[in-house]
Amino acid sequence: MNIGEPWPDLYEAEQRVLEMQTKLHQWATDDPKRRFDDLYNLVYDPAFLVVSWHRVRGNRGARSAGVDGVAPRSVVFGAADLLRGLRDDLKARTFSPLPVRERMIPKTGGKLRRLGIPTARDRVAQAALKLVLEPIFEADFRPCSHGFRPGRRAQDAVAEIRHLTSVRYEWVLEGDIKACFDEIDHTALMGRVRQRIGDKRVLGVVKAFLKAGVLSEDGINRDTDTGTPQGGILSPLLANIALSVLDDHFVEAWQHDMATTWLRKKRRQQGRPNYRLIRYADDFVVVIHGERADAESLRDDIAAVLAPAGLRLSETKTTIAHIDEGFDFLGWRIQRHRKRGTDKHFVYTYPAKASLRKVMATVKALCRQGRNEPLSELLRRLNPVLRGWTNYFRHGVSKATFGYLRAYVWHRVVNWLRRKHPRANWKWLRRRYLPGWWPTEGETTLFDPGAVAITYARYRGQTIDVTPWAPRTSGTPTMA
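Calculation criteria
Residues numbered from 1 in each chain as written. Predicted model: local features only at pLDDT ≥ 70, side-chain atom pairs only at ≥ 80, totals over all residues. Heavy atoms only, no water. Helix = DSSP H or I, 4+ residues; strand = E, 2+ residues; numbered from the N terminus. Expected span 1.5 Å × (residues − 1). Patch = residues over 30% accessible without salt bridge, like charges linked within 9 Å, V, L, I, M, F, W, Y side chains within 5 Å. Areas by Shrake-Rupley, 256 points an atom, 1.4 Å probe, with all protein chains shown as cover. Salt bridge = Lys/Arg side-chain N within 4 Å of Asp/Glu carboxyl O. Lys, Arg positive; Asp, Glu negative; His and termini not counted. Charge placed at Lys NZ, Arg CZ, Asp CG, Glu CD. Buried < 20%, exposed > 50% of the residue type's maximum accessible area, 1.4 Å probe, protein only. Pairing = 2+ DSSP bridges. Polar contact = N/O pair within 3.5 Å; in protein donor to acceptor, adjacent residues only side chain to side chain. Contact = heavy atoms within 4.5 Å. Phe/Tyr/Trp six-rings, centres within 6.5 Å; stacked < 30°, edge-to-face > 60°. Core = buried A, V, L, I, M, F, W, Y, C linked by side-chain atoms within 4.5 Å.

### Focus on helix α4 (residues 79-92)
With 14 residues, α4 should reach 20 Å at 1.5 Å per residue; the first-to-last C-alpha distance of 20 Å fits that figure. Just past α4, the residue arginine 93 takes up positive phi, approximately 60°.

### Considerations on a positive patch on the surface
A surface patch of like charges, here positive, comprises Lys111, Arg113, Lys178, Lys317 and Lys358. Of the residues examined, lysine 317 reaches a relative accessible area of 36% and is grouped as partly exposed.

### A few points about the sheet that holds strand β5 (residues 221-222)
The sheet built from 4 strands is open, its strands ordered β2-β1-β4-β5 with mixed pairing. The open sheet terminates on both sides in strands that have one partner only, identified here as β2 (112-117) and β5. Note: strand β1 (residues 100-106) against strand β4 (residues 214-215), 2 bridges, orientation parallel. In the sheet register, valine 100 faces β4, and the bridge partner there is valine 214.

### Some details on the side chain of histidine 322
Looking at the secondary structure, you find histidine 322 in strand β8 (residues 319-322). Looking at histidine 322, its side chain comes within polar contact range of the side chain of glutamate 170, at 3.3 Å. Excluding anything up to four places from it in sequence, histidine 322 contacts Glu170, Trp171 and Arg336.

### Describing the packing of aromatic side chains
The full count for this structure, using the stated rule, is 12 aromatic pairs. With a centroid separation of 5.6 Å and 70° between ring planes, the pair formed by tyrosine 40 and tyrosine 44 is classed as edge-to-face. Of the two residues examined, tyrosine 40 and tyrosine 44, each falls in the buried class. Between the aromatic rings of tryptophan 428 and tyrosine 433, the centroid separation amounts to 6.0 Å while the plane-to-plane angle is 80°, which identifies the pairing as edge-to-face. Using a relative accessible area of 27% as the deciding quantity, one classes tryptophan 428 as partly exposed. One aromatic cluster is present, built from ring pairs that chain together Trp332, Trp389, Tyr392, Phe393 and Phe402.

### Details of unusual backbone geometry
One non-glycine residue, phenylalanine 148, lies in positive phi territory at about 55°. Its place among the elements puts phenylalanine 148 in the loop between α5 (120-137) and α6 (154-165). Phi is positive for alanine 281, which is not a glycine, with a value near 55°. Looking at the element boundaries, alanine 281 is found in the loop between β6 (274-280) and β7 (283-289). On the basis of relative accessibility, which here comes to 8%, the residue alanine 281 falls in the buried class.

### Some remarks on the nonpolar core
Counting 127 residues, the largest nonpolar core has Leu39, Leu129, Ile197, Val202, Val286, Ile302 and Ile334 as the members making the most contacts within it. Residue contributions to this core peak at 11 residues, all from helix α10 (residues 235-257).

### A look at the pattern of salt bridges
The final tally for this structure, using the stated rule, is 27 salt bridges. Put simply, aspartate 248 and arginine 142 hold a salt bridge, and the shortest N to O gap is 2.9 Å. A residue pair is termed long-range when its members are at least 10 positions apart, and aspartate 248 in helix α10 and arginine 142 in the loop between α5 and α6 qualify at 106 residues. Using a relative accessible area of 17% as the deciding quantity, one classes aspartate 248 as buried. Taking the relative accessible area as the measure of exposure, arginine 142 reaches 18% and is therefore buried. One network of salt bridges, in which partners are shared, links Glu102, Arg114, Asp182 and Arg222.

### Things to note about the environment of glutamate 296
Among the structural elements, glutamate 296 can be located in helix α12 (residues 292-306). Along the chain, glutamate 296 and aspartate 328 lie 32 residues apart, while their C-alpha atoms are 19 Å from each other. Engagement of the side chain of glutamate 296 in a polar contact is seen with the side chain of arginine 299, the distance being 2.5 Å.

From the geometry alone we can't say anything about function, so treat these as descriptive.
Here is the structure:
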């Protein structure tokens, strides 16, 4: 997108943003107590706005409109005017975000999750804020946090749990924070933001987004006295800032009392537990080398740590289990089993039954649609679902599950074909749609889950390159 002077093109903008982010991250890393007092000019910098618009228009939610009815994907010729107007308002400090549009989406178990969709203009402003704030706060975030952070993913959290439960951390406290994105206390959150950000103009814009309000599905405007609406570009970063209080509590306890082998051994001799936290957004696991009573005690400690931030543990979803019983986390089943043919026991990670049922339900729903359309259209809808699901779970013991899913998808597609052509016999169907017995039409072939290669996730420990702004060193491990 070429807007003209003084606006840079996308390549120049990305280079300038990366250079500035690298400086911010380095300054924050070098001085953990530094407060940044002059950041606002970066929020309305043309380079930051150009990069922000490119990301807003290119992400998956670009087809969804906010309360103004304008979807970013639909803005073709008005992008220059949108950015110029936004920059002028930010520079003049007259920018005021509109309420987010509420949309309720189904969750597992029949419940609904509240999603807030900002306007296209507000999304660009949020993206610019994130570009400025993220490299600063990434310098402070702890390695135990994996969700919504650059260079990290769910597989890192699962690999860390597998590693720790394999070395005597056998009791597991699986925690879930109740309505986390809806109940974060604004005062506590802004207090943590102020620890790093001293620019009152930036703080004012962040607070304005928190207080913007919600237009509900029934057309009623509601104030947002707590929470950061899930769905905004800035919301995951703000949630991580709020939840870092939990990370700090566990990491400081580890560094003070459990940092060395001798200290951990001494604690166990005294009957005290050793424990580690692994968190992904508002879902977390505490693995404990101790007894069940130690896990019960830690649950009370966690509730006390979260209370000042306005957060509560979900009583129904916060559970305690032994690794031999197993538990589900981020769609995975993590459990210790005896290895077939031996007397040795290992911790295995594989797709949870609920995750398999969910993708099967999606396949079933897709195969109930469009009987009058070509097979290729059905395959184009199925393939991204199957490819994405298997790509997520290919870092575990998933081969048998992939084979089961392969058979299920095949039967669903073949039944769709038989309903589409009720008078056709098998010979005709095979010749027309099933070369090699696999559904194909023209150049479009059904994605084969059973052909996905399994590449086990390695535990990367403290060596994860958590930021794109830090210089890379040779020998840094990568996830296979």
